[in-house]
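Descriptive structure summary
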Number of protein chains: 2
Amino acid sequence: MECDKVTDLKNDRFLRALQREPVDVTPVWMMRQAGRYLPEYRETRSKAGSFLGLCKNPELACEVTIQPLRRFPLDAAILFSDILTVPDAMGLGLYFAEGEGPRFHRPIQTEAAIKSLGVPDPEEELAYVMNAVRTIRRELDGQVPLIGFSGSPWTLATYMVEGSSTKNFAKVKGMMFGRPDLMHQLLSKTTDAVVLYLNAQIRAGAQAVMIFDTWGGVLSPADFRIFSLAYMERIVQGLVRRNEGRNVPVILFTKGGGQWLEIMAQTGCDALGVDWTTDLDDARKRVGDRVALQGNIDPCILYSSPEQIREGVKRVLASYGSGSGHVFNLGHGIHPDVNPDRALTLVEAVHDLSPAYHR
Amino acid sequence: MECDKVTDLKNDRFLRALQREPVDVTPVWMMRQAGRYLPEYRETRSKAGSFLGLCKNPELACEVTIQPLRRFPLDAAILFSDILTVPDAMGLGLYFAEGEGPRFHRPIQTEAAIKSLGVPDPEEELAYVMNAVRTIRRELDGQVPLIGFSGSPWTLATYMVEGSSTKNFAKVKGMMFGRPDLMHQLLSKTTDAVVLYLNAQIRAGAQAVMIFDTWGGVLSPADFRIFSLAYMERIVQGLVRRNEGRNVPVILFTKGGGQWLEIMAQTGCDALGVDWTTDLDDARKRVGDRVALQGNIDPCILYSSPEQIREGVKRVLASYGSGSGHVFNLGHGIHPDVNPDRALTLVEAVHDLSPAYHR
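Residues numbered from 1 in each chain as written. Chains lettered and ligands numbered in written order. Predicted model: local features only at pLDDT ≥ 70, side-chain atom pairs only at ≥ 80, totals over all residues. Heavy atoms only, no water.

Some details on the overall build of chain A
Note the following rule: The way it works is that DSSP assigns letters per residue, a run of H or I at least four long becomes a helix, a run of E at least two long becomes a strand, and they are numbered from the N terminus. Based on C-alpha atoms, the radius of gyration is set beside the globule rule, defined as 2.2 Å times the residue count to the power 0.38. The classification of residues rests on relative accessible area computed with a 1.4 Å probe and restricted to protein chains. Under 20% of the type maximum is buried, over 50% is exposed, and intermediate values are partly exposed. Residues count as neighbours in contact if any of their non-hydrogen atoms are within 4.5 Å of one another. Reported accessibility uses the Shrake-Rupley method at a 1.4 Å probe radius. Residues are deemed covered only where the shown protein chains occlude them. Working convention for charge: Lys and Arg count positive, Asp and Glu count negative, and His plus the chain ends are omitted. Where a charge sits is defined by one atom per residue type, namely NZ (Lys), CZ (Arg), CG (Asp) or CD (Glu).
From N to C terminus, chain A includes 16 helices and 11 strands. Over its C-alpha atoms chain A spans a radius of gyration of 19 Å, differing by no more than 12% from the 21 Å that the globule rule assigns to 359 residues. Viewed in the frame of its principal axes, chain A has a C-alpha envelope of about 60 × 45 × 45 Å. With 359 residues in all, chain A has 62% of them scored as buried. Here the analysis covers contacts within chain A between residues at least 6 apart in sequence; of these, 74% occur between residues at least 24 apart. When the accessible surface of chain A is totalled, it reaches about 13,100 Å², and 48% of it is carbon and sulfur. Each charge sign in chain A was given a centre, from 40 positive and 43 negative side chains, and these centres are 2 Å apart.

Structure below.
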């Protein structure tokens, strides 16, 4: 039964590269590949009524997850969802004000609020995510693997404490510096929730998982270790790493974390996401053969011409160099005003130009 | 005459530390020390009518520059001004919409617009800045040195092309990737303007200058070298380095540039600003004795208790270690909602705790 499922996967380049196994070409996907830059996404979203309505409707979430695969020869799909589903399920009341970022009705700012937080059962409060994963797997039909994901505990906590996006991180760092004990209680509970959430995604069919540490890069090296990395490590250690007869690779991505790749590589994860502020050749030297690397072209390259995009792809491929262990990606999510034809140029360029590195 | 002026400076710790000469205690100042967290600043600003009105009135700009020195035993004053005065003087029409960041009436988006840009005469179009420098020097009366500053060409160009603050840098990177020739024309002209501007500040009395590369950290390593660092180097090479019988040290600060300290140290500058994402011991190992270091406590530490602030200061001092070459500072501007008493705690802690490192 398990073996049947394994052979069902028609394109396993992405999973192989994450485990540094030989591949024919460098696999490629794009962060936020299911998103606003696609007219068909905007149409489905307007059908759903809202962004959250789209996340919470498994059929529509599946539809937008699949959309970029119809246009581009991508090597992986990523679950369409929001990074703040877990705090929402913990009772904070996620909502999106028009034209603004995410907000919570009930941010967490007191000891009592932290103590009263529950750890949600992912098959109950987050059933819509698991149903989306199952629906997408069925629709993908083994075409490419499906990536599940979560925000990192530190990143979730920043939104949970601030109640919205922030520039200064005044409240969450106020708690971190002023009441580190509370901060740890909040991070610990959130970590428990994320472990359950990602394991449920894996059991529902996610074939790799990625932890987005969007705000780890606003910490000092010491605070990053204590308040972000330690909890990501606890997650990596708590995950189901084998399912359906296959390994389930884990990718850690700290935006702005280029200085900390060595210590991130020691968490037991399989791969690190790298943004464009670090060259892949430098990153590879520093992490050795401990982990694979995912990244890292500046997404703004997609504003330039097809020739310039191909040149950019060439530079990133050359920077990683020969051998497996590279998953091509943008260094951050694709911007909403990008022309989809340019994304096609990028994906095709990766496949066209990378075989030389895999002989 | 020159020698008289030199002996006039009662506290030269800051200038000495920037040149890695022995000091009794570690000098300290705070980025945005003249700012909204001070009630007296808010009063003067409301008198001026607007932020730009304050910048353009030499007497009031002098008043707010001096205000933090009345409260705290700071070792340097920094000219109160805006980083976008140069593009304003180039004709772009700087304004501030209420509750928003800076904006330009006439952003630069075409080849014709770049070609028609003039390089302003700082004693004409920017006379208000030079008058502020002269007024402040007179009022300071040798108490501490005065720092002049400018935005880096890349940072100025981001605002000039985008027309406002930006999250994605779509337009300026669109130009950088799509029309690098235009980008270089714009950066080159802006560099000429910044050299004239900083030299005029030095001649008017600025005793050190700092280049704020607020947005260099959004570039890849290769693009940082080409589009930001190369122009900062041209500035450093073009500056008046001696005035009033003293050296005029130059500080470069790229926010998020912790990965590039080695190459920044090779520009010929005297010191590097370091944000809190890089430890000073690591930074010091990497730059050797080539430059001094300025920084780098997380400004959010000021939300915690006096004891926690002292602990934080202790860690940063210990991280730099023994010997001169350290100017204590925040890793970024002080936040507007900080209690001024906490800033006093920080400044006093630096003076209290640092003598051990200078025996």
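Focus: the nonpolar core
Heads up, the condition is: Think of a nonpolar core as a cluster: buried Ala, Val, Leu, Ile, Met, Phe, Trp, Tyr and Cys residues, connected wherever their side-chain atoms sit within 4.5 Å.
Ranked by size, the top nonpolar core spans 268 residues in total, and within it Leu346(A) and Leu346(B) carry the most contacts. Sequence-distant contacts of Leu346(B), defined by excluding residues within four places in its chain, comprise Val28(B), Met30(B), Ile297(B), Ile301(B), Leu302(B), Ile309(B), Val313(B), Phe328(B) and Leu330(B).

Description of helix α11 (residues 180-204) of chain B
Note the threshold: What a helix is expected to span follows from its residue count: subtract one and scale by 1.5 Å.
The end-to-end C-alpha distance of α11(B) is 35 Å, a good match for the 36 Å that 25 residues give at a rise of 1.5 Å each. Where α11(B) terminates, the next one or two residues include Gly205(B), which has phi positive at roughly 135°.

A word on the pairing of strand β11 (residues 326-330) of chain B
Residues and elements named next belong to chain B. Filter applied, for reference: Note on pairing: DSSP must find at least two bridges between two strands before they are called paired. When the strands point away from the viewer and the connection leading from the first strand across the helix to the second strand turns clockwise, the crossover is called right-handed.
Burial within β11 is extensive, with five of its five residues counted as buried. Looking at chain direction, strand β10 (residues 292-297) and β11 are connected through five bridges and run parallel. Counted as the bridge partner of glycine 295 is phenylalanine 328 from β11. Once you follow β10 into helix α15 (residues 306-320) and on to β11, the crossover reads as right-handed.

Here we look at the confidence of the model for chain A
Residues and elements named next belong to chain A. Defined as follows: For every residue, the pLDDT score states the predictor's confidence, bounded by 0 at the bottom and 100 at the top.
Confidence in the prediction of chain A, expressed as mean pLDDT, is 96, and 98% of residues score 70 or more. Across residues 1-7, confidence stays below pLDDT 50; counting only partners more than four residues off in sequence or on other chains, it has six contacts. Both scores are given for the predicted complex: the pTM is 0.94, the ipTM 0.92.

Comments concerning the sheet that holds strand β5 (residues 208-213) of chain A
Residues and elements named next belong to chain A. Inclusion rule: Interaxial angle, 0 to 180 degrees, is taken between N-to-C directions of lines fitted to C-alpha atoms, where a helix line uses only the stretch in contact.
Strand order in the open sheet formed by seven strands is β1-β4-β5-β8-β9-β10-β11, with parallel pairing between adjacent strands. Unpaired on one side and paired on the other, β1 (77-78) and β11 (326-330) mark the two borders of the sheet. Of the strand pairs in this sheet, β1 and strand β4 (residues 146-151) are connected by two bridges, and their pairing is parallel. Paired with alanine 77 across the two strands is leucine 146, which belongs to β4. Where helix α11 (residues 180-204) meets the sheet, it contacts β4 and β5, and its direction lies at approximately 170° from that of β4.

Here's the deal with the relation of the copies chain A and chain B
Turning one copy of the chain about an axis and sliding it along that axis gives the other copy, so a rotation and a shift relate them. Quick reminder of the rule: Least squares is the method for superposing the copies, and the C-alpha atoms it fits come from residues with pLDDT of at least 70 in both.
Its rotation angle being 180°, the transformation that places chain A on chain B also includes 0.0 Å of axial translation and leaves an RMSD of 0.0 Å. Overall, the copies show the geometry of a two-fold rotation axis. When each C-alpha of chain A is compared by its distance to the rotation axis, Gln259(A) comes out closest, at 3.3 Å. A shared interface surface links the copies, since 100% of the contact residues of chain A are contact residues in chain B too.

Digging into the packing of α11(B) against helix α12 (residues 221-238) of chain B
How two helices pack is summed up by the angle between their axes together with the distance between the axes. Residues and elements named next belong to chain B. Rules: Here roughly perpendicular refers to angles of 65 to 115 degrees, roughly parallel to angles under 35, roughly antiparallel to angles over 145, and oblique to all remaining angles. Handedness of each helix crossing follows the sense of rotation of the near helix against the far helix: counterclockwise by less than a right angle gives left-handed, clockwise gives right-handed. Note on residue categories: nonpolar means Ala, Val, Leu, Ile, Met, Phe, Trp, Tyr, Cys or Pro, charged means Asp, Glu, Lys or Arg, and polar means any other residue, Gly included.
Orientation of α11 relative to α12, taken along the N-to-C sense of each, is 30°, at an axis distance of 9 Å. Taken together, the axis directions place α11 and α12 in an arrangement best described as roughly parallel. In this structure, the crossing between α11 and α12 has a hand that is right-handed. Packed against α11, whose contacting residues are Pro180, Met183, His184, Leu187, Ser188, Thr191, Asp192, Val194, Val195, Leu198 and Asn199, the element α12 presents Ile226, Phe227, Tyr231, Arg234, Ile235 and Gly238 at the interface. Residue composition of the contact of α11 with α12, grouped by class: 10 nonpolar, five polar and two charged.

Quick word on a positive patch on the surface
Stated precisely, the cut-off is as follows: Think of a patch as exposed residues, more than 30% relative accessible area, with no salt bridge, where like charges cluster within 9 Å and nonpolar side chains (Val, Leu, Ile, Met, Phe, Trp, Tyr) cluster within 5 Å. Salt bridge, as used here, is a side-chain nitrogen of Lys or Arg placed within 4 Å of a carboxyl oxygen of Asp or Glu.
A cluster of basic side chains, namely Arg32(A), Arg36(A), Arg42(A) and Lys167(B), defines a positive patch on the protein surface. Among the secondary structure elements, Lys167(B) is positioned in the loop between α9 (153-162) and α10 (170-178). You can call Lys167(B) exposed: its relative accessible area is 79%.

Focus on the packing of aromatic side chains
Residues and elements named next belong to chain B. Going by this rule: For Phe, Tyr and Trp, where Trp contributes only its six-membered ring, two rings pair if their centres lie within 6.5 Å, and the inter-plane angle classes them as stacked under 30 degrees, edge-to-face over 60, or tilted in between.
Taken as a whole and assessed by the stated rule, the structure comprises 14 aromatic pairs over all chains. Seen in terms of ring centroids, phenylalanine 51 and phenylalanine 80 are 5.7 Å apart; in terms of plane orientation they differ by 75°. Their pairing is edge-to-face. A residue pair is termed long-range when its members are at least 10 positions apart, and phenylalanine 51 in helix α4 (residues 51-55) and phenylalanine 80 in the loop between β1 (77-78) and α6 (85-92) qualify at 29 residues. Considered together, phenylalanine 51 and phenylalanine 80 belong to a single accessibility category, that of buried residues. For the ring pair phenylalanine 149 and phenylalanine 212, a centre distance of 5.6 Å and an interplane angle of 85° mean the geometry is edge-to-face. Placement of the pair is phenylalanine 149 in strand β4 (residues 146-151) and phenylalanine 212 in strand β5 (residues 208-213), with a sequence separation of 63 residues. Looking at phenylalanine 149, the relative accessible area reads 6%, which means it is buried. Owing to a relative accessible area of 13%, phenylalanine 212 belongs among the buried residues under this scheme.

Remarks on helix α5 (residues 58-71) of chain B
All names here are of chain B. For the record, the criterion: Polar contact is defined as a pair of N or O atoms within 3.5 Å, subject to the rule that within protein one atom must be able to donate a hydrogen and the other to accept it, and that residues adjacent in sequence are counted only when both atoms are side-chain atoms.
Taken across its 14 residues, α5 has 10 buried, putting it largely inside the fold. Along α5, the positions that sit buried rather than exposed are Pro58, Leu60, Ala61, Cys62, Val64, Thr65, Ile66, Gln67, Pro68 and Leu69. Packed against the buried residues of α5 are α3 (39-48), α4, β1, α8 (127-140) and β4. Capping the start of α5, asparagine 57 holds a side-chain oxygen 3.0 Å from the backbone nitrogen of glutamate 59, two or three residues further along.

Here we look at the environment of Ala222(A)
All names here are of chain A. Structurally, alanine 222 can be placed in helix α12 (residues 221-238). Assessed through its relative accessible area of 39%, alanine 222 is described here as partly exposed. Taking C-alpha positions, alanine 222 is 40 Å from proline 58, a pair spaced 164 residues apart along the chain.

Things to note about the interface of chain A and chain B
Worth spelling out the cut-off: A quick way to say it: buried area is the sum, across both parts, of accessible area lost when two parts are put together, with a 1.4 Å probe.
Contacts between the two partners involve 30 residues from chain A and, on the opposite side, 30 residues from chain B. Summed over both sides, the interface of chain A with chain B buries roughly 2,300 Å², with 54% coming from carbon and sulfur. A per-residue breakdown of the area chain A buries against chain B is headed by Phe177(A), Gln259(A) and Thr277(A), which together make up 27% of the total. The salt bridge partner of Asp298(B) is Lys173(A), with a shortest N-O separation of 2.7 Å. Remark: the boundary between chain A and chain B carries 14 residue pairs in polar contact (both at pLDDT 80 or more). For the side of chain A that touches chain B, the element with the most residues is helix α10 (residues 170-178) of chain A, which contributes five residues. Of the residues assigned to the side of chain A that touches chain B, the class counts are 13 nonpolar, 12 polar and five charged.

Points about the pattern of salt bridges
Side-chain pairs of opposite charge can arise whenever the charged atoms involved come near each other. Taken as a whole, this structure holds 40 salt bridges over all chains when the rule is applied. Glu244(A) is the partner of Arg137(A) in a salt bridge, and the nearest nitrogen-oxygen pair spans 2.7 Å. Here Glu244(A) lies in the loop between β6 (242-243) and β7 (246-247) and Arg137(A) lies in helix α8 (residues 127-140), a separation of 107 residues in the sequence. Residue Glu244(A) is classed as buried on the basis of its relative accessible area, which comes to 12%. For the salt bridge of Arg13(B) with Asp75(B), the shortest nitrogen-to-oxygen distance reads 2.7 Å. Of the two residues, Arg13(B) is situated in helix α2 (residues 13-18) and Asp75(B) in the loop between α5 and β1; the sequence distance between them amounts to 62 residues. One exposure class covers both Arg13(B) and Asp75(B), and it is buried. Bridged by salt links that share partners, the residues Glu111(A), Lys115(A), Arg179(A) and Asp181(A) form one connected network.

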